[in-house]
Amino acid sequence: MVLRQVTDYLTFVVVTPILSVAAATLGAAATSSGAIRFARDTLGLGRLIDLALRSSSIVVACSAMFTMYVVMPNTRTRLRSALLGALVSGVLWQLALTLYVNAQSSVARFNALYAGFATIPIFLVWVYVSWLVTLVGAALAAAHQHEGMLVQQRQLGAFDQELRETVGLAVTARVARTFLAGAPPWTTAALAGALQVPEALVDETVTTLVAHGVLARTAGGPVAGVILARD
């Protein structure tokens with residue numbers, strides 16, 4: 001537990017801010033005409049240098065988001081899901097950074113006297129948008145990882161009460177037969193396959209029957225089973 005807290009703290013306080021500052025620095029360098037002109041005149045690569053600077057800023061931002069989505073959640077995140085969320089949030093974050101830099105530059109040129117007062121609300125808006133983008137990427141990664149479960153949950157709304165009662169009776173009957181035969185207990189996944197209904201519906205039905213004392217879930221073993229809770 002302590003090691004997990006230390007890892008989350010270091011990721012949140014050290015790694016992610018460093019990568020974010022690096023992305024902001026590269027983004028500022030990419031938008032600076034002086035840096036682009038220096039790269040063009042010295043190296044003779046022209047637009048390639050400009051493209052490399054802008055791409056590197058996005059890559060660093062995506063890397064920061066990817067690190068956060070893999071390490072921070074209190075569950076194991078699939079790399080593909082974290083990468084998808086990081087790509088979307090990294091690009092959106094870079095876009096928000098570009099708009100923020102342009103807004104600050106425009107305010108500074110508009111009025112030199114009150115420009116300092118205007119930078120504070122603009123900065124707060126950018127911080128809010130940055131966290132919003134971060135949460136959007138996290139939600140996208142979670143949705144991609146649990147796509148099957150979300151589809152099943154959406155399908156639950158189409159099941160009427162008659163079907164739910166039928167599934168409840170079928171589940172109870174199969175659990176009772178297994179108990180009388182002395183066989184190993186059913187799992188919700190096995191019951192869903194035997195009844196050919198979504199596992200989410202079976203799990204919801206079992207939860208209801210457990211709450212009313214009809215069934216019970218086993219505590220031992222790698223996968224929880226379903227047994228009778230009363231004679």
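Before reading further, recall that the structure is shown in the block above.
As the structure is a computational prediction, the values presented were derived from the model and not from experiment.

Caption draft 1: Representation of the packing of helix H8 (residues 188-195) against helix H9 (residues 199-211) in the model. Between H8 and H9, the least distance of the axes is 8 Å, while the angle of their chain directions is 120 degrees. Between H8 and H9, the angle is such that the two are oblique. The two elements H8 and H9 cross, and the hand of that crossing is right-handed. Along the contact surface, H8 presents Thr 188, Ala 189, Leu 191 and Ala 192, while H9 presents Glu 199, Val 202, Asp 203 and Val 206. When grouped by side-chain class, the residues that make up the contact of H8 with H9 number five nonpolar, one polar and two charged.

Caption draft 2: Focus on the packing of aromatic side chains. By the definition in use, this model includes four aromatic pairs. Consider the rings of Trp 93 and Trp 126, whose centres lie 6.0 Å apart with planes at 50 degrees: the pair is tilted. In this pair, Trp 93 sits in helix H4 (residues 79-110) while Trp 126 sits in helix H5 (residues 115-145), placing the two residues 33 residues apart along the sequence. Among the residues examined, Trp 93 registers a relative accessible area of 6% and is labelled buried. Owing to a relative accessible area of 17%, Trp 126 belongs among the buried residues under this scheme. Aromatic pair Phe 123 and Trp 126: ring centres 6.2 Å apart, planes at 40 degrees, arrangement tilted.

Caption draft 3: Region of interest: the environment of Gln 104. Along the chain, the position of Gln 104 falls in helix H4. Assessed through its relative accessible area of 14%, Gln 104 is described here as buried. Once the C-alpha coordinates of Gln 104 and Ile 122 are considered, the two residues, 18 residues apart in sequence, prove to be 7.4 Å apart. Setting aside its immediate chain neighbours within four residues, Gln 104 contacts Thr 119, Ile 122 and Phe 123.

Caption draft 4: Region of interest: the layout of surface pockets. The volume enclosed by the second largest pocket comes to roughly 200 Å³. When contributions to the lining of the second largest pocket are tallied by element, the ones reaching two or more residues are helix H3 (47-71) and H5. In terms of residues, the lining of the second largest pocket owes the most to one element, H5, which gives seven residues. In terms of residue class, the lining of the second largest pocket is made up of nine nonpolar, five polar and no charged.

Criteria and cut-off values
Residues numbered from 1 in each chain as written. Predicted model: local features only at pLDDT ≥ 70, side-chain atom pairs only at ≥ 80, totals over all residues. Heavy atoms only, no water. Axes fitted to C-alpha atoms, helices over the stretch in contact; angles between N-to-C directions. Helix = DSSP H or I, 4+ residues; strand = E, 2+ residues; numbered from the N terminus. Parallel < 35°, antiparallel > 145°, perpendicular 65-115°, else oblique. Left-handed = near helix turned anticlockwise from the far one by under 90°. Contact = heavy atoms within 4.5 Å. Nonpolar A, V, L, I, M, F, W, Y, C, P; charged D, E, K, R; others polar. Phe/Tyr/Trp six-rings, centres within 6.5 Å; stacked < 30°, edge-to-face > 60°. Buried < 20%, exposed > 50% of the residue type's maximum accessible area, 1.4 Å probe, protein only. 1 Å grid on protein atoms, 1.4 Å probe; cavity = no way out; pocket = protein on both sides within 12 Å on 5 of 7 lines; lining within 4 Å. Points joined across faces, edges and corners; volume = space filled by probe spheres on them.

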